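Structural overview
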Amino acid sequence: MLKKRTVMIFPKFENMKLIDELRQKYDPLVDKVQPHITLVFPFESNLVDSEIYKILDNRLNKIKPFEICVYGLSVTDCWLFLNITKGTDILYKIHDILYENEFVKYKPLWLNTYTPHMTVGKFNSIEETKRAYEYEKSFEHTFSSMIDKVSVEIIGEEDESIIEVEYSLF
């Protein structure tokens, strides 16, 4: 059965409430999926859980738990992002490893460059995005978290996130 999936990381920040409050204002998926960092963008496949776990285990078995830090906002087109300021090297590495191998056939045509980020807003126009950025640019909180697992979610019919596989980094 064909399922729509995403590979991502769900950081656990002590001050997550601040991100949740920001997302409540601007992110239409706030009630569907927890704050996350996408590693493999949405794709459709008929892979089963055990196949996905095996891919992650084969490709990520040398990746150790690592720290990320998030600080500051940025805008890309109609998106408002929190910037990843620490841990980007490992996020790039994981992203590249997965897209260079089994997930290469799912790589979106629009994905020329990957920039690790956490989405906190999606808008209908660039002007609307810029207004939100101007209003929120003083959002200068630092968030840090140890990352010790990579998750694969199924995107449900109502865009809800259903965690299908969790792979622990050792």
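Residues numbered from 1 in each chain as written. Predicted model: local features only at pLDDT ≥ 70, side-chain atom pairs only at ≥ 80, totals over all residues. Heavy atoms only, no water.

Ranked by size, the top nonpolar core spans 46 residues in total, and within it Val7, Leu60 and Phe103 carry the most contacts. Residue contacts for Leu60: discarding those within four places in its chain leaves Ile94, Ile97, Leu98, Val150, Tyr167 and Leu169. (Core = buried A, V, L, I, M, F, W, Y, C linked by side-chain atoms within 4.5 Å. Buried < 20%, exposed > 50% of the residue type's maximum accessible area, 1.4 Å probe, protein only. Contact = heavy atoms within 4.5 Å.)

Time to look at the pattern of salt bridges. It is possible for side chains bearing opposite charge to pair when their charged atoms get close. Under the criterion given, the structure shown has 9 salt bridges. The partner of Glu102 in a salt bridge is Arg59, and the shortest N-O contact between them spans 2.9 Å. With a gap of 43 residues between them, Glu102 in the loop between helix H3 (88-99) and strand S5 (117-122) and Arg59 in helix H2 (residues 49-60) connect regions that are remote in the sequence. Judged by its relative accessible area of 30%, Arg59 falls in the partly exposed class. Lys149 is the partner of Glu166 in a salt bridge, and the nearest nitrogen-oxygen pair spans 3.4 Å. Of this pair, Glu166 sits in strand S8 (residues 161-168) while Lys149 sits in strand S7 (residues 149-155); the two residues are 17 residues apart in sequence, bridging distant segments of the chain. One connected set of salt bridges, linked through shared partners, spans Lys3, Arg5 and Glu164. (Salt bridge = Lys/Arg side-chain N within 4 Å of Asp/Glu carboxyl O. Helix = DSSP H or I, 4+ residues; strand = E, 2+ residues; numbered from the N terminus.)

One pass over the full model with this rule turns up 11 aromatic pairs. Their ring planes at 20 degrees and their centres at 6.1 Å tell us that Phe139 and Phe143 sit as a pair that is stacked. The same class applies to Phe139 as to Phe143, namely buried. Cation over ring: Lys107 sits above Tyr99, and NZ or CZ is 5.9 Å from the ring centre. Cation over ring: Lys122 sits above Trp79, and NZ or CZ is 5.3 Å from the ring centre. (Phe/Tyr/Trp six-rings, centres within 6.5 Å; stacked < 30°, edge-to-face > 60°. Lys NZ or Arg CZ within 6 Å of the ring centre and 35° of its normal.)

What the 4 strands build is an open sheet, ordered S5-S4-S3-S6; its pairing is antiparallel. Pairing within the sheet leaves two strands with one partner each, and these edge strands are S5 and strand S6 (142-147). In this sheet, adjacent strand axes meet at a mean angle of 30 degrees when their direction is disregarded. In this structure, strand S3 (residues 66-76) lies alongside S6, joined through 6 bridges in antiparallel fashion. Considered in S6, the bridge of Tyr71 is made with Thr142. Strands S3 and strand S4 (79-86) of the sheet are contacted by H3, whose axis makes an angle of about 85 degrees with S3. Most of the contacts of helix H4 (residues 126-136) go to S3, to which it runs at about 120 degrees, and overall it touches S3 and S4. (Pairing = 2+ DSSP bridges. Axes fitted to C-alpha atoms, helices over the stretch in contact; angles between N-to-C directions.)

These values are about where atoms sit, not about what they do.
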